[in-house]
Amino acid sequence: MGRIALIFNNTLVESYFLSGSIQHNCQAEAASIFLIIDMDHHLPFVLLPLVLSVAPNGLCQKEDICSKSLVNSCNDCIRSGPYCAWCQQLNFTKAGEQESARCETQAKLIGRGCKEEEIINPMSSQQIQKDESFSTSFNMKEPIQLRPQKISLRLRPGLPTTFSVSFKRVQGYPVDLYYLMDLSFSMRDDLENVKELGQDLFAALKKITAHAQIGFGAFVDKTVLPYTNTNKNKLQKPCNENYECQAAFGYRHVLSMTPRIEEFKGKVTKQLISGNLDSPEGSLDAMMQSAVCGDQIGWRNSSTRLLVLATDDGFHMAGDGKLAGILEPNDGNCHMKNTLYTKSNEMRLSSKVTLTHDTLPENIRVVYTARCEYPRQEGDNKGVCDNVHVGQEISFDVTVTTDSCIENQTFSIRPLGIKDTLTVTLSTSCECLCNNPRESSHQLCNGNGSISCGICSCRQHFVGQFCECSIGNKDEHSLRGSCLSPSGTECESHGDCVCGRCQCHTTASGSSYYGDFCECDNEHCEKFHNKLCGGNGQCNCGECKCNPGFDGSACQCTKSEEGCRTPNNTICYGRGNCKCNHCECKNGYQRPHCQICLGCPDPCQTKLNCIECLGFESGPLKKNCSLACKETISHEMIEQFTFSSKLCQQKDTNGCWIKFKVDQHFGEDKYMAEILKQRDCPEPPNVMAIIWGSIGLVALIGIFLLMLIKLLIYMKDLKEFRKFENEKKKSKWAELPKSLVLEGLNASLELRPLIHPSSSRHLIVVEGFVCPDDPRG
């Protein structure tokens, strides 16, 4: 919806919303005009009618746009957008112009010289297939209250189509009213009034229609804890002794639909109060069963169905049944036996609410607009009218839009609570119905093809816009390969591959693409102040060639070097280009004059080898120092630094510390270096001390190892000796009866031979020495 806003001296005075034919003619989702009245400048109020007449059709006029892409045929064009049209006129395109130029809005095609009768532009259409007149009264047959009853739409994708639907409520249309009463204990004070209310409602219905019926049902709550006391006595008599009441129940159908008021009055009068524990009641269970149990309730097929709920409290919400261990969701089916709801204690209300209606086909949108005295807006998917009387005719504008091509899809439109239905059949116009010449070898196609919607359709072995190229037995795929640009696109999408060479198209302004792969044109250069190359140069293959005295990527500034000149009278220190009086620096150098490079390698590191070979004739560049370093660095050997740059202290290949400073000159790799004459070299090592120290260390290690081995041997011998001593103490020896004389001794000794009782060996004891006996005896 559009809007007009009146702003008076910076204050919003009034705002008007656009609707009706003005907004419809705009064909736009939103349109807003702000009329600013400034009394300081004496702007007249007469501007308002001036603004309202800006466009021929009223406040605004939206230009039709054809958003085409990859159009190779008429069918591609029609499917590109709702406002795209195709010119089938022969010779409409110029030589080299792509055939997609035939696809544009109808106005632009006519402007380019295409005859109106040669334009293919399918439009949406509608055909009413069934439209019976309204019924004047109800005569026990199905009345007609909605017209038309059948309509067929042929839609252009993206283009909305609107048709009108009328409704007129018939006089005496049947009404079925079901009275649902709360009989919980809290209703005891209002029970008599509620009983009378049902009778008053039915009497009012009788005044509207002669074909009214009324039914009756009652509800309390689920008969499980914590909703109802499950004590056996309490279930039978949930009230105290001072009140007469009936047993607890969930929902009970009492009276089926009947036209007799006396029967209804008798049933209602007999109803007694019951009881439960909590405040919410089981009204939703009762409403569900009264809606789905049509046979028991007695709903008629051709009637308006009303359900009146009389209660004094709320209802249980979805999920409340879990408190009583009821986990199964309501299945939406009828569960009534002997007029009593049997699944009250087994099903809970589901958290998922499903609204069932006629499903729209995919990619279909429907919008309703009410045309009546009291319209209401409740969303685009429904139209609402209030205060509609019997016999009053109202209408709705139904706008249908499809976003894609479909074929023979249907959906239904019906008023809620009314059986009348409008069936809508949908199909789309996505194909071109062209008037093609009958010749199979048309002259325009050089006799090698036929005409299809104004363009040539070549026979086998012929290609080209006019089938002028014969490829013979060659493979067309390999022939097209020679037209592929380095980016892999055929002729950069700006031309056609004809006989292995790119035939470039013309641009929108009439000039041509050029180059081997149609990669160049002189229209897509940078603009300044909405002028190509700022109006100060020529566009050449996407780049601006500036006129003398102008500079910049869009020739947007005069040529000057004053802002680029450095204190040493150079331009950007030779490390950048002066564009538009500003330095465009190279390789990380910083503005304004490209003097400092924050991201460049440290010259203390990169110039070390040259410093070493130039200053001290050593290092890896010693043999070709002049060749490697003379062009990039000059040096001076000094006793004291004069440069203010950073001090570099690096170690050379001999391990000496070199101190130097470098100062960058004009250019990217030009340096001047100051090198201190004296290097800090460490003293050479004492070779003899290292040798004798190594020998002494080896000797000490050897002595240590010998002592360690000796210690281990000693420990082993000591262990064996202790073991022998222990065995000696434990041994017992036997004494022999005679003495022996040892041969080879000069002295005669008295011997005491001993025999160990557990051994056959003999021991001879001589003055404290123990020796094993000689095996020779």
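Cut-off values and rules
Residues numbered from 1 in each chain as written. Predicted model: local features only at pLDDT ≥ 70, side-chain atom pairs only at ≥ 80, totals over all residues. Heavy atoms only, no water. Helix = DSSP H or I, 4+ residues; strand = E, 2+ residues; numbered from the N terminus. Buried < 20%, exposed > 50% of the residue type's maximum accessible area, 1.4 Å probe, protein only. Contact = heavy atoms within 4.5 Å. Patch = residues over 30% accessible without salt bridge, like charges linked within 9 Å, V, L, I, M, F, W, Y side chains within 5 Å. Areas by Shrake-Rupley, 256 points an atom, 1.4 Å probe, with all protein chains shown as cover. Salt bridge = Lys/Arg side-chain N within 4 Å of Asp/Glu carboxyl O. Lys, Arg positive; Asp, Glu negative; His and termini not counted. Charge placed at Lys NZ, Arg CZ, Asp CG, Glu CD. Disulfide = S-S within 2.5 Å. Core = buried A, V, L, I, M, F, W, Y, C linked by side-chain atoms within 4.5 Å. Pairing = 2+ DSSP bridges. pLDDT = per-residue confidence, 0-100. Phe/Tyr/Trp six-rings, centres within 6.5 Å; stacked < 30°, edge-to-face > 60°. Lys NZ or Arg CZ within 6 Å of the ring centre and 35° of its normal. Polar contact = N/O pair within 3.5 Å; in protein donor to acceptor, adjacent residues only side chain to side chain.

Undergrad: Where do I start with the overall build of the protein in this structure?
TA: Each helix and strand in the protein was counted, giving 14 helices and 46 strands. Taken over 777 residues, the protein has a buried fraction of 35%. When contacts within the protein are restricted to residue pairs at least 6 apart in sequence, long-range pairs at least 24 apart make up 55% of them.

Undergrad: What should I look at first to understand a negative patch on the surface in this one?
TA: Judged by side-chain charge, D189, D190, D312 and D313 come together as a negatively charged surface patch. Positionally, D312 belongs in the loop between β14 (304–310) and β15 (328–329).

Undergrad: I keep staring at the state of the cysteines and nothing clicks. Help me out?
TA: Disulfides are covalent bonds that link the sulfur atoms of two cysteine residues. For the coordinates displayed, the defined rule picks out 25 disulfides. The partner cysteine of C458 in its disulfide is C467, sulfur to sulfur 2.0 Å. Judged by the sign of its S-S torsion, about -95 degrees, the cystine formed by C458 and C467 is left-handed.

Undergrad: I keep staring at the nonpolar core and nothing clicks. Help me out?
TA: Soluble globular proteins: nonpolar side chains tend toward being buried together. Counting residues in each nonpolar core, the largest one holds 25 residues, and the members touching the most others are F163, V400, V424 and L426. Of all the secondary structure elements, the ones that give two or more residues to this core are β9 (150–155), β10 (161–168), β19 (364–371), β22 (393–402), β23 (409–413) and β24 (422–428). Setting aside residues no more than four positions away along its own chain, L426 makes contact with L153, L155, I364, V400, I406, E407, N408, Q409 and F411. Within the second largest apolar cluster, 23 residues are counted, among which are M181, M187, L191 and F264.

Undergrad: Honestly, the pairing of strand β11 (residues 175–182) in this entry has me stumped. Any pointers?
TA: Remember that side chains alternate between the two faces of the sheet whenever the strand is regular. Counting buried residues in β11 gives 8 out of 8 residues, a clear majority hidden from the surface. Bridge count for β11 against strand β12 (residues 212–219) is 8 bridges, and the pairing is parallel. Across the sheet, residue Y179 finds its bridge partner in β12, namely F216. Looking at chain direction, β11 and β14 are connected through 7 bridges and run parallel. Bridge pairing in β14 links Y178 to L307.

Undergrad: What's the story with the pattern of salt bridges in this structure? I'm lost.
TA: When the charged atoms of two side chains with opposite charge come close together, those side chains can pair. Scanning the model with the defined rule gives 15 salt bridges in all. In this structure, the salt-bridge partner of E639 is K677, at a minimum N-O distance of 3.7 Å. Taken together, the residues span a long stretch of sequence, with E639 in the loop between β39 (633–638) and β40 (647–651) and K677 in the loop between β42 (671–676) and α14 (687–730) at a distance of 38 residues. On the basis of relative accessibility, which here comes to 63%, the residue E639 falls in the exposed class. By relative accessible area, K677 is classed as partly exposed at 45%.

Undergrad: What am I meant to see in the sheet that holds β10 here?
TA: Sheet strands line up and pair through hydrogen bonds in the backbone, either parallel or antiparallel. Within the open sheet, the 4 strands sit side by side as β8-β10-β22-β19. Their pairing is antiparallel. Each of the sheet's edge strands pairs with one partner strand only, and the pair in question is β8 (146–147) and β19. As paired strands, β8 and β10 are joined by 2 bridges and run antiparallel to one another. Across the sheet, R147 pairs through a bridge with S166, a residue of β10.

Undergrad: Looking at this structure, I do not really get the confidence of the model for the protein. What am I missing?
TA: Regions with low pLDDT carry predicted coordinates that are not meant to be interpreted in detail. The predicted model of the protein averages 76 in pLDDT, with 77% of residues at 70 or higher. For residues 1–61, every residue scores under 50 in pLDDT, and the model assigns this stretch 80 contacts once sequence neighbours within four places are set aside. Confidence drops under a pLDDT of 50 for residues 345–357, and excluding neighbours within four residues, the segment shows 30 contacts in the predicted structure.

Undergrad: Help me understand the packing of aromatic side chains in this model?
TA: Aromatic ring pairs are described here by two measures, namely the spacing of the ring centres and the angle between the planes. A full pass over the atoms with the stated rule returns 4 aromatic pairs. Ring centres of Y178 and W299 lie 6.2 Å apart, and the angle between their planes is 55 degrees; this geometry places the pair in the tilted category. Taken together, the residues span a long stretch of sequence, with Y178 in strand β11 and W299 in the loop between α9 (294–297) and β14 at a distance of 121 residues. Taken as a pair, Y178 and W299 share a single burial class, namely buried. Look at Y179 and F216: their rings are 6.3 Å apart centre to centre, the planes differ by 25 degrees, and that puts the pair in the stacked class. Placement of Y179 in strand β11 and of F216 in strand β12 is noted, with a sequence separation of 37 residues between them. A relative accessible area of 0% means that Y179 is categorised as buried. Through a chain of ring-to-ring contacts, three or more aromatic side chains come together here, namely Y179, F216 and F264. The ring of F134 is capped by R147, whose NZ or CZ atom sits 5.6 Å from the centre of that ring.

Undergrad: What's the story with the sheet that holds strand β4 (residues 85–87) in this structure? I'm lost.
TA: Taken together, 3 strands build an open sheet; the order of strands is β5-β4-β6 and the sheet is antiparallel. In this open sheet, the two strands that pair with only one neighbour each are β5 (103–104) and β6 (119–120). Sheet topology note: the β4/β5 ladder contains 2 bridges and is antiparallel. Counted as the bridge partner of A85 is E104 from β5.

Undergrad: Help me understand the environment of N446 in this model?
TA: Considering the arrangement of structural elements, one finds N446 in the loop between β24 and β25 (449–452). N446 sits 22 residues away from E468 along the chain, and the two C-alpha atoms are 6.3 Å apart. Once residues within four sequence positions are removed from consideration, N446 is found in contact with F466, C467 and E468. Looking at N446, its side chain comes within polar contact range of the main-chain oxygen of F466, at 2.8 Å.

Undergrad: Explain unusual backbone geometry here, please?
TA: Glycine aside, negative phi is the norm for most residues, and most peptide bonds take the trans geometry. The omega angle of the peptide bond from R147 to P148 is -5 degrees, so this bond is cis rather than trans. Looking at the secondary structure, you find P148 in the loop between β8 and β9. In the segment running from R591 into P592, the intervening peptide bond is cis, with an omega of 15 degrees. Note on placement: P592 falls in the loop between β38 (582–585) and α11 (603–606). For N363, which is not glycine, the phi torsion reads 65 degrees and is therefore positive. Take N363: its relative accessible area is 38%, and that puts it in the partly exposed class. Phi is positive for H529, close to 55 degrees, though the residue is something other than glycine. Tracing the chain through its elements places H529 in the loop between β31 (527–528) and β32 (531–532). On the basis of relative accessible area, H529 is assigned to the exposed category, the value being 66%.

Undergrad: Teacher, can you tell me more about the environment of A212 here?
TA: With respect to the element layout, A212 can be found in strand β12. As a C-alpha pair, A212 and P259 span 47 residues in sequence and 6.2 Å in three-dimensional space.

Undergrad: How should I be thinking about the environment of Q199 in this particular structure?
TA: Topologically, Q199 is positioned in helix α5 (residues 191–208). The spacing of Q199 and I214 is 15 residues in sequence and 9.4 Å in space, taken between C-alpha atoms. If sequence neighbours within four positions are ignored, Q199 has contacts with I261, F264 and K265.

Undergrad: Where do I start with the side chain of N536 in this structure?
TA: One can find N536 in the loop between β32 and β33 (537–540). Those residues within four positions of N536 in sequence are excluded, and the remaining contacts are C546, N547, F550 and C555.

Undergrad: Hey, could you run me through the pairing of β24 in this one?
TA: Of all 7 residues that make up β24, 5 are buried, and the element is covered over most of its length. As paired elements, β9 and β24 share 6 bridges and run parallel to each other. Looking at β24, one finds that L153 is bridged to L426. Pairing of β23 with β24 involves 5 bridges; the strand directions are antiparallel. Note on β24: the bridge partner recorded for S412 is T423.

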